[in-house]
Amino acid sequence: MLSVALRLTRARLFISKDNLLARKMASVTKREVSAPRYSDGAAHFDMGEHTLRIPMSHHAHNRQRLVQRLAELRATQAVKEGSVVLLQGGDELPRDATDCTWVFRQESFFHWLFGVLEPGWYGVVESDSGRTTLFCPRLPDAYAVVMGRIIPPHDFMKRYSVDRVFYVDELPKVLEDIKPSVLLTLVGVNSDSGLTTSAAQFAGIEKFSVDSSVLHTELSELRVTKSPIEIEIMKYAIETSSAAHCAVMKHVRPAQFGKLIRDGDMCLFDMGAEYYCYSADITCSFPANGKFSDDQRLVYNAVLAANQAVFEAVKPGVKWDDMHLLSYRVMLQKLKDGGLLRGDVDAMIDADIGAVFQPHGLGHLLGMDVHDSGGYLPHCPPRPSKAGFNKLRTVRPLLENMFLTIEPGCYFIDSLLDKALQDPVQQQFLVPEVLQRFRGFGGVRIEDDVLITSDGALNLTRVPRTVEEIEALMAEGRKETISFPQQLGKHRSQQ
């Protein structure tokens, strides 16, 4: 059997009127947001009357949080008086050497502070006063011939609810008038990708004093805990993603023509919608034919037990690596009960058996990036070295209003099983004759998006999770007649 995996992190998915089907929507580009509707002074974002509306006061609140934090640092002389935050937004990227571009998505830190959807912008926040100035590209007159009215700075000022908007080519002169003691720019390493953020650059920046040592840590930490508005956006993205998962689960069919999904396969769909740059991330695992076999049920319930044990245990102050350990302990016990493993579970954990079956971390921070910032900041505990634990994207104690995924998994990966069976310590815990039956099984992962509350957690994922719930939903879907291109037969090029 084959585990079929799908990853869809940036699809814009919206629910139809019956709340059962989800359809993929076009992403917002500068072409769509450069419409005259800005002239009405509407200071909000939405994607139609049927979608969540987000006020630009959301970003004003984020800037206030940053200004307050910089004031605290200024009191300890970690930041100078008269400091000015300078961020550069993302740019459109061409597709190879063509005149086509990749769909633009704003750089996350820039969007968090300013909410600007267009490429090529800069943003300035004066740390003493909070005064905010944006800088938009000066588009050529020819742009209006094809793309319509060019939005002037005054309209953008209303749109984004900031104090001032100038053109990018005016940035050096405006900064000279502000007379900053230092420009705080964004430089830091993303602990998930290992890539470094790009500091703001412009012709003439060498005339200013620049400090890139402060902003990345402070902005990342601010993004770790979500505001009430951010929680509502996340709920919306998760609700939409849940509906999409349910639609897939209802309408998936094993192909009758020897194609990718076969009868008996275990499907694994890892996907989530992104709305206004805020991400959901949900994984569902289910049998392609709608009925769990005994082996599929055994593995699925082992993973579900681990998922539920972690959910019941999480709350502020709990360390994430302790939750990873808990997920290993529960899942390994269930596999032992099912006859795949033998011996003492604690001894299995010491021998790194957990990493044989789940070679990834328990979950990750979630927010404006699907793997959100803040996992390994300078003040956080370092990444562990133990197998399995070294894949964790954070081990920091949990905080109220954090969003995380809880996503234990169990996989039967030939290379890992072969290595364990040859290891003199690990092999004693494995039952080879039973494990042989699971070769080619693929795997199961159950991923939920949860909000840490004052005394526990809230699971915002709304999909069937028990074996019985999944089978019931898939049986409901089987009552509907759907068609696939494969039913038309082979393409003439393959006949």
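No experiment lies behind these values; they were computed from the predicted model shown.

(A) The arrangement of the UniProt feature "domain: Aminopeptidase P N-terminal" (unreviewed entry) in the chain in detail. Look at the UniProt record and you will see "domain: Aminopeptidase P N-terminal" (unreviewed entry) annotated at residues 54-194. Regarding residues 54-194, the helix share stands at 33% and the strand share at 18%, and the terminal C-alpha atoms are separated by 32 Å.

(B) Seen up close, the nonpolar core. In this structure, Leu87, Phe357 and Phe412 are the most contacted members of the largest nonpolar core, which totals 102 residues. Of the residues forming this core, the biggest block, 8 residues, is contributed by helix 8 (residues 228-251). If near-sequence neighbours (up to four positions away) are discounted, Leu87 is found in contact with Phe109, Phe110, Leu113, Phe114, Tyr122, Gly123, Leu186, Ala200, Leu215 and Leu219. Grouped together as the second largest cluster of nonpolar side chains are 20 residues, Val310, Met323, Val450 and Ile452 included.

(C) Looking closely at the confidence of the model for the chain. Confidence along the chain averages 91 in pLDDT terms, with 91% of residues attaining 70 or more. Note that residues 1-39 has pLDDT below 50 and, in this model, 115 contacts with residues that lie over four places away or in other chains.

(D) Up close: the environment of Phe109. With respect to the helices and strands, Phe109 occurs in helix 3 (residues 108-114). Its relative accessible area of 6% is what places Phe109 among the buried residues. For the pair Phe109 and His216, spaced 107 residues apart in sequence, the C-alpha to C-alpha distance is 8.9 Å. Discounting residues that sit within four places of it in the chain, Phe109 has contacts with Leu87, Leu186, Thr197, His216, Leu219, Ser220, Arg223 and Ser373.

(E) Layout of the sheet that holds strand 9 (residues 182-184). Ordered by their spatial adjacency, 6 strands build an open sheet running 8-7-6-5-9-10, and the pairing between neighbours is mixed. Single-partner strands in this sheet number two, and they are strand 8 (164-167) and strand 10 (210-211). In this sheet, strand 7 (residues 132-136) lies alongside strand 6 (residues 122-126) in antiparallel orientation, the contact comprising 4 bridges. Along strand 7, the bridge assignment pairs Gly123 with Leu134. Packed on one face of the sheet, helix 5 (residues 153-160) meets strand 7 and strand 8 and runs near 140 degrees to strand 8.

Criteria and cut-off values
- Residues numbered from 1 in each chain as written.
- Predicted model: local features only at pLDDT ≥ 70, side-chain atom pairs only at ≥ 80, totals over all residues.
- Heavy atoms only, no water.
- UniProt positions renumbered as here; feature names shortened; annotations may be inferred.
- Helix = DSSP H or I, 4+ residues; strand = E, 2+ residues; numbered from the N terminus.
- Core = buried A, V, L, I, M, F, W, Y, C linked by side-chain atoms within 4.5 Å.
- Buried < 20%, exposed > 50% of the residue type's maximum accessible area, 1.4 Å probe, protein only.
- Contact = heavy atoms within 4.5 Å.
- pLDDT = per-residue confidence, 0-100.
- Pairing = 2+ DSSP bridges.
- Axes fitted to C-alpha atoms, helices over the stretch in contact; angles between N-to-C directions.

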